[in-house]
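Here's the letter readout for the chains.
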Amino acid sequence: MDPKEVVARFIVDKLKEYKLIGLGTGKTVKKLIEVLSEEGLLKEKIFVASSIDTELEISKREGMVITLYSGLRPQVYIDSFDFVTSDKIMIKGGGAALLREKMLYTFSKEKIFIGEESKLKDLKEYSVPVEVVPVGVSYVISAFKERGYEAKIREGNGKIGPIISDNGNIILDVIVKRENLCDFERLVKEIPAIIESGIFCKKDYEIYLANENGRISIL
Ligand SMILES: O=C(CO)[C@H](O)[C@H](O)COP(=O)(O)O
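Keep in mind it's a predicted model, so treat the numbers as computed, not measured. (Residues numbered from 1 in each chain as written. Predicted model: local features only at pLDDT ≥ 70, side-chain atom pairs only at ≥ 80, totals over all residues. Heavy atoms only, no water.)

Asker: Would you mind going over the state of the cysteines in detail, with residue names and values included?
Answerer: Cysteine pairs can be covalently joined through their sulfur atoms, and such a bond is termed a disulfide. Following the criterion strictly, the structure yields one disulfide and no others. At a sulfur-sulfur separation of 2.1 Å, the disulfide partner of C182 is C201. Where C182 bonds to C201 through sulfur, the torsion about that S-S bond is close to -95°, and the disulfide is left-handed. Separated by 19 residues along the polypeptide, C182 in helix α6 (residues 181-187) and C201 in the loop between β14 (199-200) and β15 (206-210) bring together distant segments of the chain. When its relative accessible area of 15% is taken as the criterion, C201 is described as buried. (Disulfide = S-S within 2.5 Å. Helix = DSSP H or I, 4+ residues; strand = E, 2+ residues; numbered from the N terminus. Buried < 20%, exposed > 50% of the residue type's maximum accessible area, 1.4 Å probe, protein only.)

Laid out in structure tokens, this is it:
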């Protein structure tokens, strides 16, 4: 069984009570949209989404999307993550959508994260996505270096040059030791041109994990 599908099917039931839903980005969220659509629930909801990709995924199934300019605060935010530590610190932004994800998470009343059990990983260090205004990127890389952090501009997807986020910014991937994650989340606020990091330290969220055997656990 695909754990993304297991957890998506599990969480759909919980979403029945909400009308205005904030949605994240990635394969897990795509699976959730598919399941919502299959169950006939997609058209009953209004979504505020964290990326163009998710907006299009909802729209192509005739769901309703409202932009973030509305300033509407979702009743619930639902998303996945790249890694979660056993003490509930999450690393997000593998899909470069971390800024809007953190905005929607922050401004939503309830916050739910779902993912496969294999994303629960206590590593020595993590690669942490950081969104940076393009003109400031070289200053930011050198500011990180001065503080002992190695940062790399994210490239890929067959594209030449940096990946550009939906907000027109560059994504850096920075190696951060596990014990420094929450300090790092605060540190990025002190360096001009950095907009946000993909670290979530507040632990004001529920996390549901699924495995291939169909087992769901709560972190
Ligand atoms: O943070 C994210 C996107 O910016 C995603 O939640 C994260 O990358 C997990 O994605 P997937 O559901 O594809 O495993």
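Asker: Describe the pairing of strand β8 (residues 125-132), and please don't skip the residues or the numbers.
Answerer: Side chains on a regular strand alternate between the two faces of the sheet. Taking burial as the measure, the eight residues of β8 include six buried ones, the bulk of the element. Direction of pairing for β8 relative to strand β12 (residues 170-177): antiparallel, over a ladder of eight bridges. Opposite E125, over in β12, you have K177 as the bridge partner. Bridging between β8 and strand β13 (residues 194-197) involves three bridges; their strand directions are antiparallel. Each bridged residue has a counterpart across the sheet, and for E131 the counterpart in β13 is E196. (Pairing = 2+ DSSP bridges.)

Asker: Report on the domain arrangement of the protein, specifying residues and quantitative values.
Answerer: It is common to report an interface's size as the accessible area lost on association of the parts. According to the domain assignment, the protein consists of domain 1 (3-118 + 201-211) and domain 2 (125-198). Distance between the C-alpha centres of domain 1 and domain 2: 23 Å. With 19 residues of domain 1 at the contact, the number on the domain 2 side is 19 residues. Taken together, the two surfaces of domain 1 and domain 2 that pack against each other cover about 1,700 Å², and 60% of this comes from carbon and sulfur. Considering only the side of domain 1, the residues that lose the most area to domain 2 are L98, L99 and K102, jointly responsible for 33% of the buried surface there. For the pair domain 1 and domain 2, the number of links is three salt bridges. Two residues, K102 and E185, come together in a salt bridge whose shortest N-O distance is 2.7 Å. At the level of elements, β6 (90-91) and α4 (98-107) are the ones that each hand at least two residues to the side of domain 1 that touches domain 2. (Domains from an automatic or database assignment. Contact = heavy atoms within 4.5 Å. Buried area = accessible area lost by both parts, 1.4 Å probe. Salt bridge = Lys/Arg side-chain N within 4 Å of Asp/Glu carboxyl O.)

Asker: Provide a residue-level description of the nonpolar core, including the pertinent values.
Answerer: Core analysis: the largest hydrophobic core is formed by 25 residues, its most contacted members being I11, L15, I21, L23, L32, L36 and I78. Going through the elements one at a time, α1 (3-15), β1 (20-23), α2 (27-38), β2 (46-49), β4 (76-79), β7 (110-116) and β15 are the ones with two or more residues in this core. Broken down by element, this core gets its largest block of residues, six residues, from α1. Apart from the residues within four sequence positions on either side, I21 is in contact with L15, K45, I46, F47, V48, P74, V76 and I78. One finds I89, V130, V140 and I170 within the second-largest nonpolar core, a separate group that totals 24 residues. (Core = buried A, V, L, I, M, F, W, Y, C linked by side-chain atoms within 4.5 Å.)

Asker: Explain the packing of α1 against α2 to me, and be specific about the residues and the numbers.
Answerer: The contact between α1 and α2 brings their axes to 9 Å, and the two run at 55°. Taken as axis vectors, α1 and α2 run oblique relative to one another. You can see that α1 and α2 cross each other, and the crossing is right-handed. The residues of α2 that touch α1, namely those facing K4, E5, V7, A8, R9, I11, V12 and L15, are K27, T28, K31, L32, V35, L36 and E38. In the contact of α1 with α2, the residues fall into eight nonpolar, one polar and six charged. (Axes fitted to C-alpha atoms, helices over the stretch in contact; angles between N-to-C directions. Parallel < 35°, antiparallel > 145°, perpendicular 65-115°, else oblique. Left-handed = near helix turned anticlockwise from the far one by under 90°. Nonpolar A, V, L, I, M, F, W, Y, C, P; charged D, E, K, R; others polar.)

Asker: Explain the layout of surface pockets to me, using residue names and the numbers behind them.
Answerer: The calculated volume of the largest pocket comes to roughly 270 Å³. The wall of the largest pocket is formed by 14 residues, among which T25, G95, A96, N157 and D166 lie closest to the centre. There are two domains that each give the lining of the largest pocket at least three residues, and those are domain 1 (3-118 + 201-211) and domain 2 (125-198). (1 Å grid on protein atoms, 1.4 Å probe; cavity = no way out; pocket = protein on both sides within 12 Å on 5 of 7 lines; lining within 4 Å. Points joined across faces, edges and corners; volume = space filled by probe spheres on them.)

Asker: I'd like to hear about the site of the ligand, residue by residue, with values.
Answerer: Looking at the ligand, there are 17 residues lining it, with K27, T28, D82, G93 and K119 nearest. Within the contact set of the ligand, an oxygen atom lies 3.3 Å away from a backbone nitrogen or oxygen of T25. A97 is positioned with one of its backbone polar atoms (N or O) 3.3 Å from an oxygen atom of the ligand. In the complex, the protein chains occlude 91% of the 380 Å² of accessible area that the ligand would expose alone. (Near = heavy atom within 4 Å. Polar contact = N/O pair within 3.5 Å; in protein donor to acceptor, adjacent residues only side chain to side chain. Areas by Shrake-Rupley, 256 points an atom, 1.4 Å probe, with all protein chains shown as cover.)

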